[in-house]
Amino acid sequence: LAQGVEMAPPPQPDDLLQPPVGGAWGETPPGMELHREVPPERWCVTWQDLRELRREVQLAVREGRVKPTPLDDFDPSDDVVGPNFYTVVEDFIKPATHESKASWALSRHPGGLDCDLFVTHAWVEGVYEFIDKVLDSWPWGARHAWICTLSMPQHLDISELISSPQDSPFARALAK
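Residues numbered from 1 in each chain as written. Predicted model: local features only at pLDDT ≥ 70, side-chain atom pairs only at ≥ 80, totals over all residues. Heavy atoms only, no water.

Visitor: Looking at this structure, how should I read the overall build of the protein chain?
Guide: In terms of helices and strands, the protein chain carries nine helices and three strands. The helix and strand sequence of the protein chain, counted from the amino end, reads α-α-β-α-α-α-β-α-β-α-α-α. By residue count, 39% of the 176 residues in the protein chain fall in the buried class. Across the protein chain, the fraction of contacts at a sequence separation of at least 24, relative to all contacts at a separation of at least 6, is 75%. (Helix = DSSP H or I, 4+ residues; strand = E, 2+ residues; numbered from the N terminus. Buried < 20%, exposed > 50% of the residue type's maximum accessible area, 1.4 Å probe, protein only. Contact = heavy atoms within 4.5 Å.)

Visitor: Explain unusual backbone geometry to me, please; I cannot follow it from the model alone.
Guide: A negative phi angle is the norm for most residues apart from glycine, just as the trans form is the norm for most peptide bonds. Of note, the phi angle at Lys101 is positive, near 65°, even though the residue is not glycine. Inspection of the secondary structure puts Lys101 in the loop between helix H4 (85–96) and helix H5 (104–108). By relative accessible area, Lys101 is classed as partly exposed at 22%.

Visitor: Honestly, the packing of helix H3 (residues 47–62) against helix H6 (residues 127–137) in this entry has me stumped. Any pointers?
Guide: Packed helices, taken two at a time, are described by their axes: the angle between them and the distance between them. Taken N-terminus to C-terminus, the directions of H3 and H6 make an angle of 160°; their axes are 10 Å apart at the nearest point. The angle between H3 and H6 falls in the class roughly antiparallel. Viewed along their axes, H3 and H6 form a crossing whose handedness is left-handed. Residues Trp47, Leu50, Arg51, Leu53, Arg54, Val57, Gln58 and Val61 of H3 pack against Val127, Tyr128, Ile131, Asp132, Val134 and Leu135 of H6. Along the lines of polarity and charge, the residues of the contact of H3 with H6 split into 10 nonpolar, one polar and three charged. (Axes fitted to C-alpha atoms, helices over the stretch in contact; angles between N-to-C directions. Parallel < 35°, antiparallel > 145°, perpendicular 65-115°, else oblique. Left-handed = near helix turned anticlockwise from the far one by under 90°. Nonpolar A, V, L, I, M, F, W, Y, C, P; charged D, E, K, R; others polar.)

Visitor: What am I meant to see in the pattern of salt bridges here?
Guide: Side-chain pairs of opposite charge can arise where the charged atoms are in close proximity. Evaluated as defined, the whole model comprises 10 salt bridges. Close ionic contact of Arg65 with Glu63 constitutes a salt bridge, the shortest N to O distance being 2.8 Å. Note that Lys133 is salt-bridged to Glu129, the shortest N-O span being 3.6 Å. Of the two residues, Lys133 and Glu129 are both situated in helix H6; the distance of four residues between them amounts to about one turn of the helix. Glu129 sits in the partly exposed class, given a relative accessible area of 28%. (Salt bridge = Lys/Arg side-chain N within 4 Å of Asp/Glu carboxyl O.)

Visitor: Mind showing me how you'd approach the confidence of the model for the protein chain here?
Guide: The predicted coordinates should not be examined in detail at positions where pLDDT is low. When pLDDT is averaged along the protein chain, the result is 81, and 72% of the positions lie at 70 or above. Low confidence marks residues 1–28, where pLDDT is under 50. Its contacts with residues over four positions away, or in another chain, come to 11 contacts. (pLDDT = per-residue confidence, 0-100.)

Visitor: Even after reading the chapter, I still don't get H4, so can you show me in this structure?
Guide: It helps to recall that an α-helix has 3.6 residues per turn; residues three or four apart then point in one direction. An ideal rise of 1.5 Å per residue puts 16 Å on 12 residues; H4 reaches only 14 Å between its terminal C-alpha atoms. Looking at the buried positions of H4, the neighbouring elements they touch are H3, H5, H6 and helix H7 (148–151). Measuring from the backbone nitrogen of Tyr86 back to the side-chain oxygen at the start of H4 gives 2.9 Å, which picks out Asn84 as the cap. (Expected span 1.5 Å × (residues − 1). Polar contact = N/O pair within 3.5 Å; in protein donor to acceptor, adjacent residues only side chain to side chain.)

Visitor: Got a minute to help me understand the pairing of strand E3 (residues 144–147) in this structure?
Guide: Regular strands have side chains that alternate between both faces of the sheet. Taking every second residue as pointing to the same face, both faces of E3 are buried, with His144 and Trp146 on one and Ala145 and Ile147 on the other. Direction of pairing for strand E1 (residues 45–46) relative to E3: antiparallel, over a ladder of two bridges. Within the sheet, the bridge partner assigned to Thr46 lies in E3 and is His144. Between the parallel elements strand E2 (residues 117–119) and E3, the chain passes through H6 in a crossover that is right-handed. (Pairing = 2+ DSSP bridges. Right-handed = clockwise from strand over helix to strand, strands pointing away.)

Visitor: How should the nonpolar core be read in this particular structure?
Guide: Note that soluble globular proteins tend to have their nonpolar side chains buried in a common cluster. Among the nonpolar cores identified, the biggest contains 28 residues, and Leu50, Leu53, Val57, Phe92, Ile93, Ile147 and Leu150 are the most heavily contacted of them. When sequence neighbours within four positions are dropped, the list of residues in contact with Phe92 reads Leu53, Glu56, Val57, Ala60, Val66, Thr87 and Trp104. (Core = buried A, V, L, I, M, F, W, Y, C linked by side-chain atoms within 4.5 Å.)

Visitor: What exactly am I supposed to notice about H3 here?
Guide: Helix length check: H3, at 16 residues, gives a terminal C-alpha distance of 23 Å against a target of 22 Å (1.5 Å per residue), a fit within 8%. Turning to H3, its buried residues number three or more, namely Asp49, Leu50, Leu53, Arg54, Val57, Gln58, Ala60 and Val61. Buried positions along H3 lie against E1, H4, H5, H6, E3 and H7. Two residues or fewer after H3 comes Gly64, characterised by a positive phi angle close to 85°.

Here is the structure:
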C-alpha cells in the first residue's frame, strides 16, 4: 500500500445485509410493473404522438441533447432524414423515460391504447424520415400504432418479455 492512502474498511456483516442502492433486492422497476399490467397489444402511440416526437427530437438536436456519433454521423441541420433510432433511443427516449423506466408509449398513455396498426422499422433508419413516412401513410380510421422502439421498454431487460416468441409483445400486437 502506498503511504498516506486510506483504504475503505472491509464490509461488516450488517452492511452485507443492506439492499442495493435504489431499492430492495428483487424489487421490480415501476416500468416493468406497468408493462406486466397493461397487455402488450396496448403499448401504442397516436398519430399526434408521432408528430410531437418529431418536434421533440428536432428540438433536442438543436439544443445538442441528441448529437452525431461515430456510428451515426447525421447532419444536425438536416430536417429530412435525422438521427437514427440507435441515437434517438440513447439520447432522447432513455432520458425521457428514465424516471418511469416504462416505454415511451406507456409513459404517454399509462393505461395503454387499443392497437389497430403495427409498424416496423430499421434501427439505422433516420427518425424524421420514418415518422414522415408513417404519418403520410397512416391508414384512414387507424387510431393507435404499435412501434417497437416506442412500445418496448428501452431501460429494462426484456429477455423475460421475448423468451417465448409466439407470446412476445411483438406477436401479441401483430395478432391484434
